[in-house]
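The lines below spell out each chain.
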Amino acid sequence: MLTDTFGRRFYYLRLSITDVCNFRCQYCLPDGYQCEHDRQFLSLDEISRTVRGFARLGTEKVRITGGEPALRKDLPEIISRCKQTPGINTVALTTNGFNMDSQYQHWFDAGLDALNISIDSFEPRQFAAITGKDKLDSILSAIDNALTTGFSQIKINTVLMREYNAHDLQQFFNYVKDKPISLRFIELMKTGDNGDFYQRQHVSGQQLKNQLLANGWIQQVRDKTAGPAEVYRHPDYRGTIGLIMPYAKDFCASCNRLRISSLGKLHLCLFSDQGLDIRQYLQSDDTREFEQQLVALLQDKKVSHFLHDGYSGATKHLSMLGG
Ligand code: SAM
Ligand code: SF4
């Protein structure tokens, strides 16, 4: 079992398969993707060995992320290999949804269990202003189609931003009124590159939490492989609302996830100083040495991300690791 010195157990792997992205989200890659290294991303075999090693140590859930993971042509094969790994019961994907309309059936056929799509506005012009892409309509119709084919585990990620969406949260509540979708508001996080943007746009989730509680939303109990969201349900809504508040007191106490970058580095935290290179242990089908390294390196995991102290580690932007 993967356990750290603070007694936290790690059931959940976030696996980045590329750091390339085709969107220009204001808080992440406002100037678009800049290639700063060889694009030697983890191969299919390295991915299989990574997931097998983690699963042998108790990991049950894998989230495939990026950059934009759907830019990889072998994404269905990656999903399928994760899903076929003994011990893995949930394979999830986080995507900006740019090609979801043509691809979601392939993902589901490959065994995808859960899909997170990032949507920061339901107003097409605002969506384009945030992402640099006029794709909202095709993403929304792809979600509707996915729902009608019976795919039920769909979540929306929305980054809260003062000037872009926080003044009109009703659009998000309206969206989940009749849809079995969980929409999660994420507090904007400060990274190495987005300091000014963060200063202008950061909104605390606490106020929204108070508003939810005052309006009859009820907090749900968290599952052991659940992500970091507090989830709220309301009798008048089919969907749910989630809150991800990385600046909240004790956010790190429930940490249950580890990250592997697309270049094969272990990140003990989204905001650690550096990734720990373990790719060399992924070169043979025997994953025992890889597992030993994971167990040993995990002993250095810190108690918190220290974001409160203005610290953002080596993370310049979240497309490096997948959020
Ligand atoms: N490209 C995919 C996408 O956007 O869904 C996957 C990678 S993206 C880095 C993963 C998630 O992190 C997205 O939901 C995105 O909105 C969120 N994110 C990126 N930068 C962030 C930041 N500075 N603060 C909070 N969330 C952020
Ligand atoms: Fe790309 Fe996702 Fe970053 Fe937006 S948040 S720029 S879609 S990696």
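Structural data are supplied above this passage.
Thresholds, definitions, all that
Residues numbered from 1 in each chain as written. Chains lettered and ligands numbered in written order. Predicted model: local features only at pLDDT ≥ 70, side-chain atom pairs only at ≥ 80, totals over all residues. Heavy atoms only, no water. Buried < 20%, exposed > 50% of the residue type's maximum accessible area, 1.4 Å probe, protein only. Helix = DSSP H or I, 4+ residues; strand = E, 2+ residues; numbered from the N terminus. Arc of directions from axis to C-beta. Contact = heavy atoms within 4.5 Å. Near = heavy atom within 4 Å. Nonpolar A, V, L, I, M, F, W, Y, C, P; charged D, E, K, R; others polar. Pairing = 2+ DSSP bridges. Right-handed = clockwise from strand over helix to strand, strands pointing away. Polar contact = N/O pair within 3.5 Å; in protein donor to acceptor, adjacent residues only side chain to side chain. Areas by Shrake-Rupley, 256 points an atom, 1.4 Å probe, with all protein chains shown as cover. Axes fitted to C-alpha atoms, helices over the stretch in contact; angles between N-to-C directions. Phe/Tyr/Trp six-rings, centres within 6.5 Å; stacked < 30°, edge-to-face > 60°. Lys NZ or Arg CZ within 6 Å of the ring centre and 35° of its normal.

Before going further, it helps to spend a moment on helix α9 (residues 288-298). Taken residue by residue, α9 has F290, E291, L294, L297 and L298 as its buried positions. Buried residues of α9 fall within an arc of 135 degrees about the axis and therefore sit on the same side. Exposed residues on α9 whose side chains face more than 90 degrees from its buried face are R288 and Q292. For α9, the secondary structure elements touched by its buried residues are α1 (44-56), β10 (257-260), β11 (265-267) and β12 (276-277).

Around ligand 2, the neighbouring residues are C21, F23, C25, C28, G67, N96 and S319. Across the shell around ligand 2, the residue classes break down as 4 nonpolar, 3 polar and no charged.

So, on to the pairing of strand β1 (residues 12-16). The buried fraction of β1 amounts to 5 of the 5 residues, a majority that puts the element mostly inside the structure. The alternating pattern of β1 places Y12, R14 and S16 and L13 and L15 on opposite faces, both of which are buried. Bridge count for β1 against strand β2 (residues 61-65) is 5 bridges, and the pairing is parallel. Looking at β2, one finds that R14 is bridged to R63. Crossover connection from β1 via α1 to parallel β2: handedness right-handed. Pairing analysis gives 4 bridges linking β1 to β10, with the strands arranged parallel. Counterpart to R14 in the pairing with β10 is R259.

A separate point is the site of ligand 1. Taken together, 18 residues lie around ligand 1, and Y27, G67, S118, N157 and M189 are the ones closest in. Between Y27 and ligand 1, the recorded distance is 3.0 Å, taken from a side-chain N or O atom to an oxygen atom. In the model, an oxygen atom of ligand 1 is placed 2.6 Å from a nitrogen or oxygen of the S118 side chain. In the complex, 95% of the free accessible area of ligand 1, which totals 540 Å², lies under the protein chains. Of all elements in the fold, only β3 (90-95), β5 (154-160) and β6 (181-187) reach the threshold of two or more residues within the shell around ligand 1. Counted by class, the shell around ligand 1 contains 6 nonpolar, 10 polar and 2 charged residues.

Once that is clear, we can look at the pairing of strand β4 (residues 114-118). Taking burial as the measure, the 5 residues of β4 include 4 buried ones, the bulk of the element. Across 4 bridges, the pairing between β3 and β4 is parallel. Residue pairing across strands places L93 opposite L115, the latter belonging to β4. In the classification by handedness, the crossover that spans β3, the intervening helix α3 (residues 100-110) and the parallel β4 is right-handed. As defined by bridge partners, β4 adjoins β5 across 4 bridges and the pair is classed as parallel. Among the inter-strand pairings, N116 is bridged to a residue of β5, identified as K155.

Read across the sheet, 12 strands follow the order β7-β8-β9-β6-β5-β4-β3-β2-β1-β10-β11-β12 without closing on themselves; strand pairing throughout is mixed. Strands with a single pairing partner mark the edges of an open sheet, and in this sheet they are β7 (218-219) and β12. Along the sheet face, α3 touches β3 and β4 and points at about 160 degrees away from the line of β4. The strands touched by helix α5 (residues 136-148) are β4, β5 and β6; relative to β5, the strand with the most contacts, the crossing angle is about 150 degrees.

Enumeration according to the criterion identifies 12 aromatic pairs in this entry. Here F172 and F185 contribute two aromatic rings whose centre-to-centre distance is 5.4 Å and whose plane-to-plane angle is 80 degrees, an arrangement assigned as edge-to-face. Taken together, the residues span a long stretch of sequence, with F172 in helix α6 (residues 170-177) and F185 in strand β6 at a distance of 13 residues. Taken individually, F172 and F185 each receive the classification buried, so the pair is uniform in this respect. An angle of 45 degrees between the planes, with centres 6.0 Å apart, marks the rings of Y198 and Y247 as tilted. With a gap of 49 residues between them, Y198 in helix α7 (residues 195-201) and Y247 in the loop between β9 (240-244) and β10 connect regions that are remote in the sequence. Neither Y198 nor Y247 differs from the other in exposure class; each is buried. Put simply, the rings of F122, F172, F173, Y175, F185, W217 and Y237 touch in pairs and so form one group of aromatic residues. The lysine or arginine in question, K61, covers the ring of Y12, its NZ or CZ lying 4.6 Å from the ring centre.

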